[in-house]
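Letter by letter, the chains look like this.
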2 protein chains.
Amino acid sequence: MPTTPKKRQSVKGARTRRLIKDAFIVLYGRLSWAEITLDEILKATGLTVGAFYFHFSSKDELIEEIAVETCKGYHTVIIDEINWDCDFFEIAHQIIHHYYQSYIRNPVLSRLMYSVVFRRSTAHAVWLESRKPLREKIEQSIHGALSDHSAQTPVDVAFTSHLLLSSLEDFLFAVFMSKGNTELSSLASGPDFFIRQQAIIWYRSALGKDPTHKLAGRTPNRKNA
Amino acid sequence: MPTTPKKRQSVKGARTRRLIKDAFIVLYGRLSWAEITLDEILKATGLTVGAFYFHFSSKDELIEEIAVETCKGYHTVIIDEINWDCDFFEIAHQIIHHYYQSYIRNPVLSRLMYSVVFRRSTAHAVWLESRKPLREKIEQSIHGALSDHSAQTPVDVAFTSHLLLSSLEDFLFAVFMSKGNTELSSLASGPDFFIRQQAIIWYRSALGKDPTHKLAGRTPNRKNA
């Protein structure tokens, strides 16, 4: 994976950068952004102020590099885990499920990544570029589903794929990473409900009808869906 | 509008806080977050370091207070501007249109607000609380539309209203506030296209079918929709 070209990369230098990044990720698991001072980072790594600033110009640069690294692998894993050769409702279900799993597997790194890509334009651009293959797979799947149903659509398919993926990311962030909002945290208590409801909305958005073949008269239930 | 209770609020104190906030908003229009140093703020306001720190403990506290102030009025205006007594497609169209207008009327303040509410949990909680009446109006409108169509739905209506509003906010942010991504900036060049496409998806998500009475065989066109 390519790293920032700014600093000359010796093996030792790369190891120190890694040490700083790993220490920061651990700190981010128990402290807020404002609480992670330079002192905390130095204490955790045993480095001097000079050594830190040799590698990173600021805390902002450090967190941005971690976020960019994280999002580069994020979508490749999801694409590889999905069986694309099935019904669009099942594809949607898998995508939402794998996004949720990626979050569950590493909530700290996910929270860090989302916090950065939603506010730093450089990181946001890398994020959009890294998820482009996934977005294009979704676009292809919608085209495939429309063709299977011989359906016409008044909705632009590229637009739909952008919107669905954005809404998944933002809503996952809002539901599982924000604390203290009781309306949203009640949704977080039932990931199956969250995944299934959202998959139905993806199907509706893409095809303009319900995935009736998948629903079999079940009514939604927040606790046991 | 209530302000932070931390500091004793004299009239002069409130005026100085306002001066700092207004100066910061102007700076935010031409500089990035990292570029707005304390020096820049002092130069713009004519205040001393001590005077700044008497009012705000950090740049973070300052930007969060501005974001919280901004989002408090944001949704009330939108609720008041909408004619809720019409078809759900038209309601969706109006909501998306007014969100877009709120952004166009003040892009700097909107960008500032979105950047903060998506990353600071306190501001995010205020944001969610302030948009709750709008979300509930959307929920009621979906219930009304379902009842008008005598439609059953496998989708939880509260869930749908949350997801639609989150997706609107995030996608508006991604399309109109991020720079340098050609795929997304092509959508920003046609707000009418953006609004109409999203309104159709809202209708589909809520009712599981197309708003055929509103489409009249038009095909989507990114440039002139």
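Residues numbered from 1 in each chain as written. Chains lettered and ligands numbered in written order. Predicted model: local features only at pLDDT ≥ 70, side-chain atom pairs only at ≥ 80, totals over all residues. Heavy atoms only, no water.

**Student:** What am I meant to see in the overall build of chain A here?
**Tutor:** What chain A contains, in helices and strands, is twelve helices and zero strands. Ordered by position in the sequence, the α and β elements of chain A form the string α-α-α-α-α-α-α-α-α-α-α-α. Each of the three principal axes of chain A carries a C-alpha extent, and together these read 65 × 35 × 25 Å. Within chain A, contacts between residues at least 6 apart in sequence are counted, and of these 67% link residues at least 24 apart. For chain A, the computed accessible surface area is about 9900 Å², with 53% contributed by carbon and sulfur atoms. (Helix = DSSP H or I, 4+ residues; strand = E, 2+ residues; numbered from the N terminus. Contact = heavy atoms within 4.5 Å. Areas by Shrake-Rupley, 256 points an atom, 1.4 Å probe, with all protein chains shown as cover.)

**Student:** Mind showing me how you'd approach the relation of the copies chain B and chain A here?
**Tutor:** Taken together, a rotation about one axis and a shift along it account for how the two chain copies relate. Under the fitted operation, chain B is carried onto chain A by 0.0 Å of movement along the axis and a turn of 180°, and the coordinates agree to an RMSD of 0.0 Å. Here the copies are linked by what is in effect a two-fold axis. Among all C-alpha atoms of chain B, that of Ser 167 of chain B lies closest to the rotation axis, at 2.1 Å. (Least-squares fit on C-alpha atoms with pLDDT ≥ 70 in both.)

**Student:** I would appreciate a short explanation of helix α11 (residues 191-207) of chain B in the present structure.
**Tutor:** Residues lying three or four places apart along an α-helix face the same way, a consequence of the helix completing one turn every 3.6 residues. Along its 17 residues, α11 of chain B runs 24 Å from first to last C-alpha, staying within 8% of the 24 Å computed at 1.5 Å per residue. Among the 17 residues in α11 of chain B, 16 count as buried, and that is most of the element. (Expected span 1.5 Å × (residues − 1). Buried < 20%, exposed > 50% of the residue type's maximum accessible area, 1.4 Å probe, protein only.)

**Student:** Would you take a moment to explain the nonpolar core for this structure?
**Tutor:** Soluble, globular proteins show a tendency: their nonpolar side chains are buried together. Ranked by internal contacts, the top residues of the largest apolar core, which has 150 residues, are Phe 24, Tyr 114 and Trp 202 of chain A together with Phe 24, Tyr 114 and Trp 202 of chain B. Ignoring anything within four residues of it in the chain, the contact list for Trp 202 of chain B reads Phe 88, Ala 92, Ile 95, Ile 96, Ile 138, Leu 164, Leu 165 and Leu 168 of chain B. (Core = buried A, V, L, I, M, F, W, Y, C linked by side-chain atoms within 4.5 Å.)

**Student:** Honestly, the environment of Arg 131 of chain A in this entry has me stumped. Any pointers?
**Tutor:** Residues and elements named next belong to chain A. Note on placement: Arg 131 falls in the loop between α7 (121-130) and α8 (132-148). Note: C-alpha distance between Arg 131 and Phe 89 (42 residues apart in sequence) is 20 Å. When near neighbours in sequence (up to four residues on either side) are disregarded, Arg 131 contacts His 75, His 162, Leu 165, Ser 166 and Glu 169. For Arg 131, the side chain forms a polar contact with the side chain of Glu 169, separated by 2.7 Å. (Polar contact = N/O pair within 3.5 Å; in protein donor to acceptor, adjacent residues only side chain to side chain.)

**Student:** Looking at this model, I keep getting lost on the packing of helix α6 (residues 107-117) of chain A against α7 of chain A. Mind explaining?
**Tutor:** Packed helix pairs are characterised by how far apart their axes lie and by the angle those axes make with each other. Residue and element names in this part refer to chain A. Orientation of α6 relative to α7, taken along the N-to-C sense of each, is 115°, at an axis distance of 7 Å. With respect to their mutual orientation, α6 and α7 come out roughly perpendicular. Where α6 abuts α7, its residues Met 113, Tyr 114, Val 116 and Val 117 lie against Ala 123, His 124 and Trp 127. Considering only residue class, the contact of α6 with α7 consists of six nonpolar, one polar and no charged. (Axes fitted to C-alpha atoms, helices over the stretch in contact; angles between N-to-C directions. Parallel < 35°, antiparallel > 145°, perpendicular 65-115°, else oblique. Nonpolar A, V, L, I, M, F, W, Y, C, P; charged D, E, K, R; others polar.)

**Student:** Honestly, the pattern of salt bridges in this entry has me stumped. Any pointers?
**Tutor:** Residues and elements named next belong to chain A. As enumerated under the stated definition, the model contains 17 salt bridges over all chains in all. A salt bridge links Arg 17 to Glu 65; the nearest nitrogen and oxygen atoms lie 2.5 Å apart. Linking Arg 17 in helix α1 (residues 11-28) with Glu 65 in helix α4 (residues 59-81), this pair joins segments that are 48 residues apart in sequence. For the pair shown, Arg 17 and Glu 65 are each scored as buried. The structure contains a network of salt bridges with shared partners spanning Arg 17, Arg 18, Lys 21, Asp 22, Glu 65 and Glu 69. (Salt bridge = Lys/Arg side-chain N within 4 Å of Asp/Glu carboxyl O.)

**Student:** Looking at this model, I keep getting lost on the UniProt feature "DNA-binding region" (unreviewed entry) in chain A. Mind explaining?
**Tutor:** What UniProt calls "DNA-binding region" (unreviewed entry) maps, in this numbering, to residues 37-56 of chain A. Split by type, residues 37-56 of chain A is 75% helix and 0% strand. Its first and last C-alpha atoms lie 14 Å apart. (UniProt positions renumbered as here; feature names shortened; annotations may be inferred.)

**Student:** How should the interface of chain B and chain A be read in this particular structure?
**Tutor:** How big an interface is tends to be reported as the loss of accessible area on association of its parts. Each side of the interface is counted separately: chain B has 45 residues, and chain A has 45 residues. Taken together, the two surfaces of chain B and chain A that pack against each other cover about 4500 Å², and 63% of this comes from carbon and sulfur. The three residues of chain B that bury the most area against chain A are Pro 154, Phe 159 and Arg 204 of chain B, which together make up 16% of that side's buried surface. Where chain B touches chain A, the interface holds zero salt bridges. Counting every contact that joins chain B to chain A gives nine residue pairs in polar contact (both at pLDDT 80 or more). Elements represented by at least two residues in the side of chain B that touches chain A include exactly α7 (121-130), α8 (132-148), α9 (157-177), α10 (182-188) and α11 of chain B. (Buried area = accessible area lost by both parts, 1.4 Å probe.)

**Student:** Would you mind showing me how to read the domain arrangement of chain A here?
**Tutor:** All names here are of chain A. According to the domain assignment, chain A contains domain 1 (8-56) and domain 2 (59-215). A C-alpha centroid distance of 31 Å is found between domain 1 and domain 2. The partner domain 2 presents 13 residues to the 15 residues of domain 1 that form the contact. Taken together, both faces of the contact between domain 1 and domain 2 bury some 1400 Å²; the carbon and sulfur share is 66%. Between domain 1 and domain 2 we count four salt bridges in total. Linking Arg 18 and Glu 69 is a salt bridge whose minimum nitrogen-to-oxygen distance equals 2.9 Å. Applying the counting criterion to the domain 1 and domain 2 interface returns seven residue pairs in polar contact (both at pLDDT 80 or more). Of all the elements in the fold, those that place two or more residues in the side of domain 1 that touches domain 2 are α1 and α3 (49-55). Counting residues per element, the side of domain 1 that touches domain 2 draws most heavily on α1, at seven residues. Across the side of domain 1 that touches domain 2, the residue classes tally to ten nonpolar, two polar and three charged. (Domains from an automatic or database assignment.)

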